[in-house]
Amino acid sequence: MKNPIIQYLKKTFLSKRIIGDKKELNRLVRADVLLQNLIEEKKIPGLAITVLEKGKVKFQKGYGYANLEEKILVDPITTQFRIASVSKPIAATALAHMVADGVIDLDASFYKYVPYYPKKKWDFTIRQLASHTAGIRSYEGMEYALNKPYTIKESIAIFKEDILLFKPGTDYLYNSFDWVLVSLAMQEASGIPFEEYVTEKVLKPLRMKNTVAEIQEHVYPNATSFYVKNRLGFREAIPVNNFYKLAGGGFLSTTVDIANFGQTFLDNKCLNKEILSQFLTSEIINNKPTYYGLGWQVSQDSMGRDYYGHVGNGVGGYSNFYVYPKEQLVFSILINGTNPKIQDVLDEVISFIIG
C-alpha cells in the first residue's frame, strides 16, 4: 500500500529524490502547512519558495496568486517578483567583478569616480557606501515609493545636498541610497550603464534569464501584480519607478534564479575567495559587528547557524534569501506584497526545513 503522505510530498515539492527520513518528512509537511496557512488566513496574496540542498531541489512550491483578479496561480519556477533589497547581493557581485578586474578600488574615495557630487564635511569610500557606514541618510517621507523616471545619475538630486549623519566608518545606517551611489560610481568607472554591466557580468554567466531590471513602461508577462494590504483586504500597490535604485532594490526575479545565484557561492564558482571574503565578512564598528558585509547581510540565525544573504521589502514585494554554507542550503522566498509582517513565520519555516 502506498504511503499517501510520501505521495503527497513527491507531488507537492516537485522533487525526484526519495524521502526516507520520517522526521525530515514531518518537517517538510509542517513547513508546507505554515505557508499554506498564510494564504488561507489572507496574510499574503502569493508566495514562491525554492530550497536547494547541495545543489538539488529540496523544497519547491508556489502558494496563492500572482494575480488575484485573474486568479493566476504562483509558479515557483517562472513567476517573477519584485525582490527589493535582495537586489543588493546581485549588485555586490557585479561590484566584486569590477574590483577583480581592477576597474574600481573599494578603498578609493567616492569622489575619485564621481567628482561632481557635492563635497561633504568628510570624505567617504566605495567600501563605506557598500557597507552602509558612509553616513548617507535613509528615505524620508514618500521617497520610498517614488514614481519618477530618474536615471541613476539624476536621482542623486533627492539627497545630494544633505549632510552626512556621522563621520564615515564610525557608525552603521542601512539605506538604499548608499547603493545608488555605488552603482553611479560603477557606471562612471567603467563607462558602461550599470544595468548592462550587471547583465553581462552576473546575470548571463549565471544563467539568471528571468532576472531583469524593472523598467516601468515594459510589460513582463510572468511578473506578479503587486499588492498592499489594508483592513479591507488586498489592493494593488501604487505605481513606483525603482529603476534609479536598481542596485538597492530594482530587480524582478524568480525563486529559482535567486536560489541558483546563491548556489554559485557554495560551489565556489563566483570569483576568488580573497575578493569574496571582503564582501561576505561583517564590518566591525566600535569593536562590534554590524552583521553586514558589502551588499550582504552576514549573521547567524536563532540557532546560531551562520548564513549570508538578504531580506528585502519594497512596494508590492517582500523577499528572503539565505545561504547556509555549513548546511549547504540555499533559501529563496518571494512574496508579491509590501511587508506582510510574517517574518517570524518564515523563520519558523526555514528552521523546520533545516531541522
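Residues numbered from 1 in each chain as written. Predicted model: local features only at pLDDT ≥ 70, side-chain atom pairs only at ≥ 80, totals over all residues. Heavy atoms only, no water.

Trainee: Would you mind showing me how to read the overall build of the protein here?
Mentor: If you tally the helices and strands in the protein, you get twelve helices and 14 strands. Against the 2.2 N^0.38 benchmark of 20 Å for 355 residues, the protein shows a C-alpha radius of gyration of 20 Å, consistent with a compact globule. For the C-alpha atoms alone, the extent of the protein along its principal axes is close to 75 × 45 × 35 Å. Residue pairs at least 24 apart in sequence account for 67% of intrachain contacts in the protein once pairs closer than 6 positions are excluded. Accessible surface computed for the protein: about 16,300 Å², of which carbon and sulfur atoms make up 52%. (Helix = DSSP H or I, 4+ residues; strand = E, 2+ residues; numbered from the N terminus. Rg over C-alpha atoms; globule rule 2.2 N^0.38 Å. Contact = heavy atoms within 4.5 Å. Areas by Shrake-Rupley, 256 points an atom, 1.4 Å probe, with all protein chains shown as cover.)

Trainee: Mind showing me how you'd approach the packing of helix α7 (residues 177-190) against helix α8 (residues 194-203) here?
Mentor: Axes are the key here: two packed helices are described by the angle between their axes and the distance separating the axes. The geometry of α7 relative to α8 is characterised by a closest axis approach of 9 Å and an angle of 80° between their N-to-C directions. Compared by their axis directions, α7 and α8 come out roughly perpendicular. Across the interface between the two elements, Ser183, Met186 and Gln187 of α7 pack against Phe194, Glu195 and Tyr197 of α8. (Axes fitted to C-alpha atoms, helices over the stretch in contact; angles between N-to-C directions. Parallel < 35°, antiparallel > 145°, perpendicular 65-115°, else oblique.)

Trainee: Got a minute to help me understand the packing of aromatic side chains in this structure?
Mentor: Centre-to-centre distance and the angle between the planes together describe a pair of aromatic rings. If you walk through the whole model with that rule in mind, you get 22 aromatic pairs. Consider the rings of phenylalanine 110 and tyrosine 117, whose centres lie 5.4 Å apart with planes at 85°: the pair is edge-to-face. In terms of burial, phenylalanine 110 and tyrosine 117 fall into one category: buried. The interplanar angle of 15° and the centroid separation of 5.4 Å between the aromatic rings of phenylalanine 110 and phenylalanine 124 together place this pair among those described as stacked. (Phe/Tyr/Trp six-rings, centres within 6.5 Å; stacked < 30°, edge-to-face > 60°. Buried < 20%, exposed > 50% of the residue type's maximum accessible area, 1.4 Å probe, protein only.)

Trainee: When you look at the nonpolar core in this model, what are you seeing that I'm missing?
Mentor: Grouped burial of nonpolar side chains is what soluble globular proteins tend to show. With 73 residues, the main nonpolar core has Ile90, Leu95, Tyr117, Phe124, Ile136 and Trp296 as its most contacted residues. Grouped together as the second largest cluster of nonpolar side chains are 28 residues, Phe59, Tyr322, Leu329 and Phe352 included. (Core = buried A, V, L, I, M, F, W, Y, C linked by side-chain atoms within 4.5 Å.)

Trainee: Got a minute to help me understand the pattern of salt bridges in this structure?
Mentor: Between side chains of opposite charge, a pair can form when the charged atoms approach closely. Using the criterion set out here, one finds eleven salt bridges in the structure. Here arginine 305 ties to aspartate 301 by a salt bridge, and the two come within 2.9 Å at their closest N and O atoms. For the residue pair arginine 305 and aspartate 301, the accessibility class agrees, reading buried in each case. Several salt bridges share partner residues, and in doing so they unite Arg137, Glu140, Glu143 and Asp162 into one network. (Salt bridge = Lys/Arg side-chain N within 4 Å of Asp/Glu carboxyl O.)

No statement about biological role is implied by the geometric values presented.
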